[in-house]
Structures are given as C-alpha cells and as structure tokens.
Amino acid sequence: MTNIVLDVRNLKVQFITEEKLVKAVDGISFTVKKGQTLGIVGESGSGKSVTSLATMGLLLEKSCQISGEIWFNNSEKNEQNSQSVNLLQLPEQEKQQYRGGKISMIFQEPMSSLNPVYTIGFQLTEAIRFHQNVSAAEARRQAASLLQEVKLLPSDEVLRQKSLEEITQNSQNLAQVKSKPELATIVNGSDKPAVSQVEEVSERQIMLQVNQKKLAILDRYPHELSGGQIQRVMIAMAISCNPTLLIADEPTTALDVTVQAKILDLLRELGETRGMSVIFISHDLGVISEVANTVAVMYQGKIVEYGDIKQIFSQPQHPYTKGLLACRPPLDSKVLRLPTVSDFMEKVINSTGEIEIREKKTVITQQQNLDLAEETVPQTTENPILEVNHLRVGFPVKGMFGQTKRLFMAVNDVSFAVARGETLGLVGESGCGKSTLARAILQLIPVTSGQVFFEEQEITNPYSGILQSLRRDMQIIFQDPFGSLDPRLTVGAAVMEPMLIHGVGNKKVRRDRAAYLLERVGLTADSLSRYPYAFSGGQRQRICIARALALNPKLIICDESVSALDVSVQAQVLNLLKELQDEFGLTYIFISHDLSVVKFMSDRIVVMNQGKIEEIGPAEQVYDQPQREYTRQLIASIPTGKIYSNL
C-alpha cells in the first residue's frame, strides 16, 4: 500500500440540472503508484477532466453529487508508517493544504490559466509563499530556479557564459579607448586604465547581469510569452512545492506539434528526476504513448479498458479502444478513408432497457497502401483555379509616438498555384503566417504587395469591382467552431444567411437547401430550429461546413478546422470533407500545424516558416524525403503511437 500514491474506488460524479441528474463519472476505480505515469484517454465528455477536478477537490458540492473514495498517500521517504487520507472526507481548509502543495494540476488552456494583470514572477512567488514559509527574496530565487528547471530560462552556467561574452565585448570596446587617455578618463571616471578597471569589476558585473536576466523573465506579463512558454510557467507553478502527484489535463492540446514534443519530453524528465507520480489526460492515444506507463480508457463516464500501455496498444480488448487507435491518420501509408469509432462498435438496448456497447461483427481491415497514379494528382501548370504571386502582408510596428517604425512581414514573398479539384496542404507552427495568408487570399485583410488570381481574375485590385461577386465561390471554415456561429441565430438562420446576402432563391428554397446540407453533413433537418449551444464541438464544425457549402463554392479554405476536435470526431470530419470534395468538385486549401492530418488530406504540401515557404511538393515526397531541416523537425515531432522500449 505504501507504493500506491492515489487509490480511487468506485468514484461517481453526478451534476444537478433542472431536469435530471447527469452522470459524468460512473463508478470508476484505478490506482497510481509512486513514480508512475497514468494516462487517461477518451473523447470530450467522457469524464476525464471531471475525474481530475474531483481529485483536486475543485467541484462545487452545490452543483454535483460525489460518492466513492479517493485515497491519497503522501508518505515521505523517511516515514516508517504512512497513513492515507480520503480526500473526499477532508474539510475544505485541509483540502487547501493538499491542493497545490501535495497534488498539483496543469490545466488545458495555457492562455487563460494565468492572470493577465500580474507578472509571471508575482504569480509564481504567490504559489510558493502560500505553501512555504519563505521570504519574498527566497521565493523569487526559487521561482527563477523553477523556470530554469522547465527550460524557460537557461541554466546559471549558460547565463554566466552569455554575460561574460557581453562584458568581454564591452571590454574590447573600452580597450579601443585606451589609446586615447582623454576619452578613457571620461568613460572610466578615473585615471585608471580601462582594461584594468574592467578586470577588477568583471566578476561583479557577471553576477549582476545574470540576476538581471533572471529578473527580466520574472517581470514579464503573460501576453509577452508564447503558448508553449506559458505552459512551461504553469508546469513550474505546479511543481513549485514538490508535489507527490501531478495532474496534467490536456496540457498540449492547444500547442504546435514541435512545442508539444518539448512539453512531453519535459514532463517525462520531471517525473523521472523528481520521482513524481503523474496523471496525464488526453484524447489522443498517440500522445499518451509518449509519456504513460499505464492507460485507462474512458467512455461515457466509465473505464472500459485499463492496463499496461504495451498491452493496450498491442492487444486492445474493447472496441472503443480499437477505434481510438485506428482513427488517427497513418504516417506510413496512404488511405482514402479513416476508420472511425462507429466502425468498431454499436450501441444496443438490452433486455433490461440499458444501453450496451457491442463490437461490430464486420471485420475492419487496415486499408492497403495506395499507389496513386501520377495522372490522378491535379496538375497546376495549366489553368489553375488560384494563383498567388509574390504575396506580402505586413503589420505596422508602432513607435513611441504612434508613428509606424517598420512593417512586420507576416507573409513574405509567397507564391504558389492550386489546381482545380486539388487539396493543397499548408503546414507550419503557430505564427508562421498560415492564417494570415488565408485571410489575404480571401481579401479579408489588406495585402502589402503581390497579386492573387482566382480563375484568372485578379482579386487584389481594389478597383476591379469583381470581389463581391467572387466571394460566393470562395469560402472559409474557421478553426473555432464555438466562436464561428452567432449564438443568437438558429442553425437554420446561420446556414441560410449566405444565401440571403447573395439573393439566392426565396425563403422556401433557402430552407430546403439548408435542410439538405445539414443532412449531407450528418445532422438532421430538426437541427434547423435549434441554437448552437445545443451541439457538441464536432457537430458545430459540421454546421460550419454546411454553411460554407450553401453557395456552391469552388474553393474552400479550411483554417485549422479539425484542430479543436477529438481524434475520433476529427476522423469523421476529415472523411466528410473528402466525400464532399468528390461530390461537389471542391478545391481545398487545408491549413494545419499537424503534418499527419495534412498528409492524409493533401495532394501537395506547402511548409511555411516565419512568413516564407520552406518547402513545397507532393505530400508523400515531402513526408518521405523532406529537403529542409525545419520540415524534418515537424515530422520528428508527430506522436507516432509507438511505445518506448524503456516503459
């Protein structure tokens, strides 16, 4: 028992609504051993996050009913007799001693996890001083040390070396003054030679500069850091009091694959060096395979499969687990359609009236590698539907008095063409200019220079007067399905709005087409009168796809349109996009930071970095034979779903 840090027994969580009790967690049990990483995987709504919140004691008793037991063992190395406590039975004041101090949590959204009006140094030291009786100066020292541990701040040795190089450079500048005594006196404020004076104070200067570099990062505000940097701050805050158990709730979902790989490496390293137990929550089994020793697969509030990660990946027993493993785009083969969870299981009502999950008898075989003939790949040399020539988009950088000092080039001299019926993949990290390029192509933002031709007509000329008529042929599906729909409009009104703006048909014609499109994307005509809040993320993205199809467009730009979805829902949407392309003859520009998704969808791939095109070529060629180092880094960062031999 002393080896078990957390023992969850028959945990049930039910939320109280006006109509009924909603079961979020339904009688789950699991254990976490010392130094072990438990991966909890499942779709949104499966109960993963509710389980972690119940463990942390962050669920309000007024809004839910919690039963079962959560036993936590906080034994230290020198303790002979360890005693476990049931976290659910502790009074609130005692829970606060465990929360943050002995059990810490990293939340999913790094951008909203920190208070924007306080510096990261203040927020780190606040957490340290709440759980430890230390001075403000000692708390800041610990905060800087933690930022070094999470690799947001270089080590003292590196900082010292950088400071020494800077001081050496300054010394060389002063040495040049040595030959001019009158200038040396002005610079030094004494008659002592410049080089000699620098040698005397260099050690003190080094320490001062090292401390200044540490203070500089502590004095930054959250908006001055990237998403990956903020997540490192959250990890530093979580480990600040050396917790026994760290809960990481989807800590890499909002991050690029390259940043995600670094965060996963960091969490794995921290677990090993500190001997921490970790609960890692994700909807992606590929990510879980990178960090976990043991896996619990959750579905509709229950653990449907639980065991060693090698066994789960090599011999999955439950059809839901088989579906999750199969629905991620393969990296080593080309397939026409992704398997989905529904291909592996079905829900039936048994004799007692309860819903039962059964494995489908149809054998799902892995599709063979497709050797597509070269003539099936659309050619861009003749009559492309879209042509981009030397496009530049710059954003003004303001000076002290509001004047424009310079332009930050978000898109810098980009040229490519897209053939009719082709899917051109656009991949790169956040901030590389993908979304800016998409908006510039659609003329949603002004361009600095360059040309965009759609069906041989220039649309970057503001005086041509053809843009409004062409807008119906060019549509976009945005990344966030929750923010893409007006919450005050019904789904029917949202899908019919483009037709209304462009004067397509009468009210009955528009309503009939909206009903047809909703059915085509897998929803029902009954959805017309419902509001967006009544739909899940995947369903909302389907509504956005239906809206984009309302005017029979020729080109659709999918801007990170599946990045916010679970891998199982993602597979359904990707299959749908391919089916619609075949049915309506669509041309896609598919934008994502996930190269595996882009490879599945695309005929050709454009790799962007810092506003420029790094590499462009056929999808298989870019993946199998990358020409640039940046592309190789993107490929190496993709979670493979393969198990490390040392686990």
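**Comments concerning the nonpolar core**
- Formed by 115 residues in total, the largest nonpolar core has its most connected members in L147, V150, F280, I545, L577 and F590.
- The element that contributes the greatest number of residues to this core is helix α18 (residues 567-584), accounting for 8 residues.
- Not counting chain neighbours up to four residues away, the residues in contact with L577 comprise I477, I545, C558, S561, Y588, F590 and M601.

**Remarks on unusual backbone geometry**
- The phi angle at N10 is positive, at roughly 50°, despite the residue not being glycine.
- Its place among the elements puts N10 in strand β1 (residues 4-16).
- On the basis of relative accessibility, which here comes to 41%, the residue N10 falls in the partly exposed class.
- A positive phi angle is found at E560, which is not glycine, with a value near 50°.
- Within the secondary structure layout, E560 lies in the loop between β19 (555-559) and α18.

**What about empty space enclosed by the protein?**
- In this structure the tally under the stated criterion is 3 cavities of 30 Å³ or more.
- Its volume calculated, the largest cavity comes out at about 270 Å³.
- What lines the largest cavity is a set of 22 residues, among which T253, Q260, H283, D284 and D594 lie closest to the centre.
- Where the lining of the largest cavity is concerned, the elements lending two or more residues are α9 (257-274) and α18.
- When its residues are assigned to classes, the lining of the largest cavity shows 8 nonpolar, 9 polar and 5 charged.
- Taken domain by domain, the lining of the largest cavity gets at least three of its residues from each of domain 1 (4-102 + 244-311) and domain 4 (393-637).
- What lines the second largest cavity is simply A54, T55, M56, G57, L87, L88, K95, Y98, R99 and I103.
- Only α1 (48-56) and α2 (92-98) provide two or more residues apiece to the lining of the second largest cavity.

**So, the pattern of salt bridges**
- Scanning the entire structure with this criterion turns up 29 salt bridges.
- R9 serves as the salt-bridge partner of E69, at 3.4 Å between the closest nitrogen and oxygen. Here E69, found in strand β4 (residues 64-73), pairs with R9, found in strand β1; they are 60 residues apart in sequence, far enough to count as distant.
- For R9, a relative accessible area of 34% puts it in the partly exposed group.
- When the shortest N-O distance is used, the salt bridge between E629 and R632 registers 3.3 Å. Of this pair, E629 and R632 both sit in helix α21 (residues 629-636), 3 residues apart, roughly one helical turn.
- The exposure class assigned to R632 is partly exposed, which follows from its relative accessible area of 37%.

**Overview of the side chain of S484**
- Mapped onto the fold, S484 is located in the loop between β18 (474-477) and α15 (491-501).
- Setting aside its immediate chain neighbours within four residues, S484 contacts F478, C544 and R547.

Definitions and cut-offs
- Residues numbered from 1 in each chain as written.
- Predicted model: local features only at pLDDT ≥ 70, side-chain atom pairs only at ≥ 80, totals over all residues.
- Heavy atoms only, no water.
- Core = buried A, V, L, I, M, F, W, Y, C linked by side-chain atoms within 4.5 Å.
- Buried < 20%, exposed > 50% of the residue type's maximum accessible area, 1.4 Å probe, protein only.
- Helix = DSSP H or I, 4+ residues; strand = E, 2+ residues; numbered from the N terminus.
- Contact = heavy atoms within 4.5 Å.
- 1 Å grid on protein atoms, 1.4 Å probe; cavity = no way out; pocket = protein on both sides within 12 Å on 5 of 7 lines; lining within 4 Å.
- Points joined across faces, edges and corners; volume = space filled by probe spheres on them.
- Nonpolar A, V, L, I, M, F, W, Y, C, P; charged D, E, K, R; others polar.
- Domains from an automatic or database assignment.
- Salt bridge = Lys/Arg side-chain N within 4 Å of Asp/Glu carboxyl O.

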